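Okay, here's what each chain looks like letter by letter:
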Amino acid sequence: MAKAQKPMDEIAGSSVEKKQLKILITGPRGQYKTRSILNMCNVPNDKEPILSIIDTENGSDHYGGEFRFRRFRSSDSDEISEYVESKIKNPLGIEVIALDSHTIYFDAVKSKYADLYLKRMPTSSGHKGEFYIFQPNDHAPYRKEIYDFMRACLSSPFHFIWTCHSTSRWSGMKVIGEKPDGVKGIEHWFDTVININEKSNGTFVAKVEKDRTGLLIERKV
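Each residue is numbered by its place in its chain's sequence as written, counting from 1. It should be noted that, the model being predicted, local features are given only for residues of pLDDT at least 70 and side-chain atom pairs only at 80 or more, the latter also being counted only at that level, while totals for whole chains, interfaces and linings use all residues. Excluding hydrogens and water, the side-chain figures rest on all heavy atoms present in the structure.

Student: Describe in detail the overall build of the protein, supporting the description with residues and values.
Tutor: By definition, any uninterrupted DSSP run of H or I lasting at least four residues is a helix, any uninterrupted run of E lasting at least two residues is a strand, and each is numbered from the N terminus. Of the regular secondary structure elements, the protein holds 4 helices and 9 strands. Within the protein, buried positions represent 38% of all 221 residues. Accessible surface area values rest on a Shrake-Rupley calculation with a 1.4 Å probe, where residue burial reflects the displayed protein chains alone. As displayed, the protein offers around 13,900 Å² of accessible surface, 51% of which is attributable to carbon and sulfur atoms. In this scheme, a residue with accessible area under 20% of its type's maximum is buried, one over 50% is exposed, and one in between is partly exposed, where area comes from a 1.4 Å probe on protein chains only.

Student: Please give an account of helix α3 (residues 102–120) that cites residues and values.
Tutor: The end-to-end C-alpha separation of α3 is 27 Å, in line with the 27 Å expected for 19 residues at 1.5 Å each. Along α3, the residues classified as buried are His102, Thr103, Ile104, Tyr105, Phe106, Ala108, Val109, Tyr113, Ala114 and Tyr117. Considering only its buried residues, α3 is in contact with α2 (77–89), β4 (96–100), α4 (139–154) and β5 (159–164). An expected span of 1.5 Å times one less than the residue number is assigned to each helix. Residue contacts are counted whenever heavy atoms from the two residues lie within 4.5 Å of one another.

Student: Provide a residue-level description of the nonpolar core, including the pertinent values.
Tutor: By size, the foremost hydrophobic cluster in this structure holds 31 residues, and its most contacted members are Ile146, Phe149, Met150, Trp162 and Phe190. Of all the secondary structure elements, the ones that give two or more residues to this core are α2, β4, α3, α4 and β5. Non-local contacts of methionine 150, meaning those with residues more than four positions away in its chain, are made with Trp162, Val183, Ile186, Trp189 and Phe190. In this text, buried Ala, Val, Leu, Ile, Met, Phe, Trp, Tyr and Cys residues form a nonpolar core when linked through side-chain atoms within 4.5 Å. Of all hydrophobic cores here, the second largest spans 15 residues; its members include Tyr63, Phe69, Val96 and Ala98.

Student: Can you lay out empty space enclosed by the protein for me, pointing to particular residues and giving the numbers?
Tutor: Only protein atoms enter the 1 Å grid used here, on which a cavity is any set of points holding a 1.4 Å probe that cannot leave and a pocket is any open set flanked by protein within 12 Å on both sides along at least five of seven lines; residues with an atom within 4 Å of a point are listed as lining. Grid points are joined across faces, edges and corners, and a volume is the space filled by probe spheres set on the points. Throughout the structure, instances matching the rule amount to 1 cavity of 30 Å³ or more. Volume-wise, the largest cavity comes out at about 30 Å³. The wall of the largest cavity is formed by Val84, Ile88, Ile97, Cys153, Ser156 and Phe158. Residue polarity follows a fixed list, in which Ala, Val, Leu, Ile, Met, Phe, Trp, Tyr, Cys and Pro are nonpolar, Asp, Glu, Lys and Arg are charged, and the others, Gly among them, are polar. Classifying every residue of the lining of the largest cavity by side-chain character gives 5 nonpolar, 1 polar and no charged.

Student: Account for the side chain of threonine 103, naming residues and giving values.
Tutor: Mapped onto the fold, threonine 103 is located in helix α3. Polar contacts here mean pairs of N or O atoms no more than 3.5 Å apart (in protein, one a potential hydrogen donor and the other a potential acceptor; neighbouring residues in sequence count only if both atoms are side-chain atoms). A distance of 2.9 Å separates a polar side-chain atom of threonine 103 from the backbone nitrogen of histidine 165. Of the polar contacts made by the side chain of threonine 103, one reaches the backbone oxygen of aspartate 181; its length is 2.8 Å. Excluding its chain neighbours within four sequence positions, the residues that come into contact with threonine 103 are Thr163, Cys164, His165 and Asp181.

Student: Which residues make up the packing of α2 against α3, and what values go with them?
Tutor: Fitting a line to C-alpha atoms yields each axis, with helices limited to the stretch in contact; the angle taken between N-to-C directions then spans 0 to 180 degrees. Closest axis-to-axis distance for the α2/α3 pair is 9 Å, and the angle between their directions is 120°. As judged from the angle between their axes, α2 and α3 are oblique. Between α2 and α3, the residues in contact are Ser77, Asp78, Ile80 and Ser81 and Tyr105, Ala108, Val109 and Lys112, respectively. Of the residues contributing to the contact of α2 with α3, the split by class is 4 nonpolar, 2 polar and 2 charged. With respect to orientation, any angle under 35 degrees is reported as roughly parallel, any angle over 145 as roughly antiparallel, any angle of 65 to 115 as roughly perpendicular, and every other angle as oblique.

Student: So what's going on with the packing of α2 against α4? Residues and values would help.
Tutor: Viewed as axis vectors pointing N to C, α2 and α4 meet at an angle of 20°, and their least axial separation amounts to 11 Å. With respect to α4, the element α2 is oriented roughly parallel. Both α2 and α4 take part in a crossing whose hand is left-handed. Contacts from Ser77, Asp78, Ile80, Ser81, Val84 and Ile88 in α2 reach Glu145, Phe149, Ala152 and Cys153 in α4. In the contact of α2 with α4, the residues fall into 6 nonpolar, 2 polar and 2 charged. Should the near helix be turned anticlockwise from the far one by less than a right angle, the crossing is termed left-handed; should it be turned clockwise, right-handed.

If you want it as structure tokens, here you go:
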């Protein structure tokens, strides 16, 4: 039997491969997160779309005449995973996969596991008859499914841009800021994290919270 080939390293920066962009856009609802993705990935009307957006909350419904893109509408976590797998096998010119939003996908995965725990764990303290409350040891399985999905995206040939709702960050009994409303540690999977928020004067400000690529420059407002 032939020996397995040992993995090889390489000098950083020596590869001519196209660098994959990994962007997370966070913020409350109605803060131009979807429009920002469509604007970044738009092409002329005579060109084939390079963006396929997974629309979990029908946020792209009113943009079809303004931007050119492909769309897959679903809030089912299994359907979303299958769709990404199908695009990896047959891209059809797609270069960017967008998930809009991770929060809805995250909730769908948790809901699937809550239903599973409700059926399989009737003696658990989280079992309330008609619904299930997650116990400390219940989080690892659904997080693994989400992390596996993210690894599949990372190993794909696509750039990927995800949106995520924001929620309050608490310290004790006090709100000290905002954080992404999604799986624990989601921001660490992305090279670029942008938060969009509306100021009191009605203007929208995109704050670059992290950018390993060095491609974005934050303009002070």
